[in-house]
Amino acid sequence: MERSRPLGPALPPYEPLAEGLDMEGLPRSTVVSVEPPPPPPPRDHLAWSLCTTLYANVCCLGFMALVFSVKSRDRKVLGDYSGALSYGSTAKYLNITALLLNIFLVILVIALIASGTIVVVNLFNQEHQSLFGPT
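Residues numbered from 1 in each chain as written. Predicted model: local features only at pLDDT ≥ 70, side-chain atom pairs only at ≥ 80, totals over all residues. Heavy atoms only, no water.

**Q** For this particular structure, what's the right way to read the overall build of the protein?
**A** On a plain count of helices and strands, the protein comes out with 3 helices and 0 strands. Its helices and strands in sequence order give the protein the pattern α-α-α, from N to C terminus. Across the 135 residues that make up the protein, the buried fraction comes to 17%. Of the roughly 11,700 Å² of accessible surface on the protein, 67% is carried by carbon and sulfur atoms. (Helix = DSSP H or I, 4+ residues; strand = E, 2+ residues; numbered from the N terminus. Buried < 20%, exposed > 50% of the residue type's maximum accessible area, 1.4 Å probe, protein only. Areas by Shrake-Rupley, 256 points an atom, 1.4 Å probe, with all protein chains shown as cover.)

**Q** Can you walk me through the packing of aromatic side chains in this structure?
**A** Aromatic ring pairs are reported here in terms of the distance separating the ring centres and the angle at which the planes meet. Enumeration according to the criterion identifies 1 aromatic pair in this entry. For the ring pair Phe68 and Tyr87, a centre distance of 5.9 Å and an interplane angle of 40° mean the geometry is tilted. Of this pair, Phe68 sits in helix α2 (residues 61–78) while Tyr87 sits in helix α3 (residues 81–132), and the two are 19 residues apart along the sequence. Its relative accessible area of 22% is what places Phe68 among the partly exposed residues. The side chain of Lys71 reaches across the aromatic face of Phe68, ending 5.5 Å from its centre. (Phe/Tyr/Trp six-rings, centres within 6.5 Å; stacked < 30°, edge-to-face > 60°. Lys NZ or Arg CZ within 6 Å of the ring centre and 35° of its normal.)

**Q** Quick question: what am I supposed to make of the pattern of salt bridges here?
**A** A side chain of one charge can pair with a side chain of the opposite charge if their charged atoms are brought near each other. The final tally for this structure, using the stated rule, is 3 salt bridges. Between Lys76 and Asp44 there is a salt bridge, with the nearest N and O atoms lying 3.8 Å from each other. Residue Lys76 is found in helix α2, and its partner Asp44 is found in the segment before α1 (46–55); the two are separated by 32 residues along the sequence. Its relative accessible area of 7% is what places Asp44 among the buried residues. Close ionic contact of Arg75 with Asp80 constitutes a salt bridge, the shortest N to O distance being 3.8 Å. A single salt-bridge network, built from bridges that share partners, covers Asp44, Arg73 and Lys76. (Salt bridge = Lys/Arg side-chain N within 4 Å of Asp/Glu carboxyl O.)

**Q** Teacher, can you tell me more about the environment of Ala84 here?
**A** Mapped onto the elements of the fold, Ala84 is located in helix α3. Between the alpha carbons of Ala84 and Asp44 there is a distance of 7.3 Å; along the sequence they are 40 residues apart. If we skip the residues at most four places from it in the chain, Ala84 touches Pro42, Ser72, Arg75 and Lys76. (Contact = heavy atoms within 4.5 Å.)

**Q** Help me out: how do you make sense of the state of the cysteines in this one?
**A** Two cysteines, two sulfur atoms, one covalent bond between them: this is a disulfide. Within the structure shown, the criterion is met by 0 disulfides. Cys59 takes part in no disulfide bond, and the closest cysteine sulfur, belonging to Cys60, lies 7.6 Å away. Classification of Cys59 by relative accessible area gives exposed; the value is 63%. (Disulfide = S-S within 2.5 Å.)

Structure (structure tokens):
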């Protein structure tokens, strides 16, 4: 069972041009301007600053980084992206400095504990030999 098609081509329902109006006066194309997507907001490093403040706050660098992170977030909310970028960058460098100082201090403490343990063991062995003589 076939469907019957109309004999003439199906045209959309356009309105005919008014008399005396030709296509020369009408625009040939339409230009749509598309705005580029807005740049991503600058990072404020708030979570990193909070962890640095709570974990190891060497010389209050973590607290200072937290203050700059909060300032960066405030500037970002206000729409001042250059100020937010400046405060966020300062917070990042303070966090990096605090992290490097924390790593250095942990290595130093481990080295001091290891060397102190060796010295204490040597002193214990010398005292043991002096009290009981060589065995």
